[in-house]
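What the coordinates show
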Amino acid sequence: MITREEILARIIKVSEFELGLKPIAEIAATEQKSVEDLHVSDDLGADSLDKVELLLALDKEFEVDTQPHEHELKDINTIGGLADFYLKKIAP
């Protein structure tokens, strides 16, 4: 079974690639936040199109279709929130 830590590591890897970011750990240090508390838009600079592309990439990474759950995703804005969401979808 996949762990939350493994999911978090994969989300970080995909986010850095899809959003063209420097290492997220560096961003967290600059923002003085934990990686899990980083806001996808405010701290990582993702606009609405970036967020859609990120979610599509994460769906592919975890082999899930989150489209039926878009209403849940609207309220998820942090890296940690994404980890919790995908953990529920792939390890219910």
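Residues numbered from 1 in each chain as written. Predicted model: local features only at pLDDT ≥ 70, side-chain atom pairs only at ≥ 80, totals over all residues. Heavy atoms only, no water.

Examining the packing of aromatic side chains
Counted under the stated rule, the structure contains 2 aromatic pairs. Between F85 and Y86 the ring centres are 5.2 Å apart and the planes differ by 90 degrees, which places this aromatic pair in the edge-to-face class. The burial state of F85 is the same as that of Y86; both residues are buried. Clustering of aromatic rings is evident, with ring pairs tying together F62, F85 and Y86. (Phe/Tyr/Trp six-rings, centres within 6.5 Å; stacked < 30°, edge-to-face > 60°. Buried < 20%, exposed > 50% of the residue type's maximum accessible area, 1.4 Å probe, protein only.)

A short note on the pattern of salt bridges
Close approach of charged atoms allows side chains of opposite charge to pair. In this structure the tally under the stated criterion is 6 salt bridges. In this structure, E61 and K13 form a salt bridge, with 3.8 Å as the shortest nitrogen-oxygen distance. Of this pair, E61 sits in helix α3 (residues 48-62) while K13 sits in helix α1 (residues 4-19); the two residues are 48 residues apart in sequence, bridging distant segments of the chain. On the accessibility criterion, E61 (23% relative accessible area) is partly exposed. In this structure, a network of salt bridges that share partners links the residues R4, E36 and D84. (Salt bridge = Lys/Arg side-chain N within 4 Å of Asp/Glu carboxyl O. Helix = DSSP H or I, 4+ residues; strand = E, 2+ residues; numbered from the N terminus.)

Structural notes on unusual backbone geometry
Phi at Q32 is positive, roughly 55 degrees, even though this residue is not glycine. Mapped onto the fold, Q32 is located in the loop between α2 (24-31) and α3. A relative accessible area of 74% places Q32 in the exposed class.

Describing the side chain of D43
Turning to its location among the elements, D43 is positioned in the loop between α2 and α3. The class for D43 is buried, based on a relative accessible area of 13%. Reaching out from D43, the side chain makes a polar contact with the side chain of K33 at a distance of 2.7 Å. Within polar-contact distance, the side chain of D43 engages the backbone nitrogen of H39 at 2.8 Å. When sequence neighbours within four positions are dropped, the list of residues in contact with D43 reads I27, E31, K33, D37 and L38. (Polar contact = N/O pair within 3.5 Å; in protein donor to acceptor, adjacent residues only side chain to side chain. Contact = heavy atoms within 4.5 Å.)

Looking at the confidence of the model for the chain
When pLDDT is averaged along the chain, the result is 91; 99% of the residues meet or exceed 70. Taken element by element, the chain is modelled with least confidence in helix α4 (residues 70-73), mean pLDDT 81, and with most confidence in α1, mean pLDDT 95. (pLDDT = per-residue confidence, 0-100.)

With respect to the environment of L8
For L8, the position within the fold is in helix α1. Given a relative accessible area of 13%, L8 falls into the buried group. Here the alpha-carbon distance between L8 and D75, two residues 67 residues apart in the chain, equals 18 Å. Beyond its immediate chain neighbours, meaning those up to four positions away, L8 contacts E36, I79 and A83.

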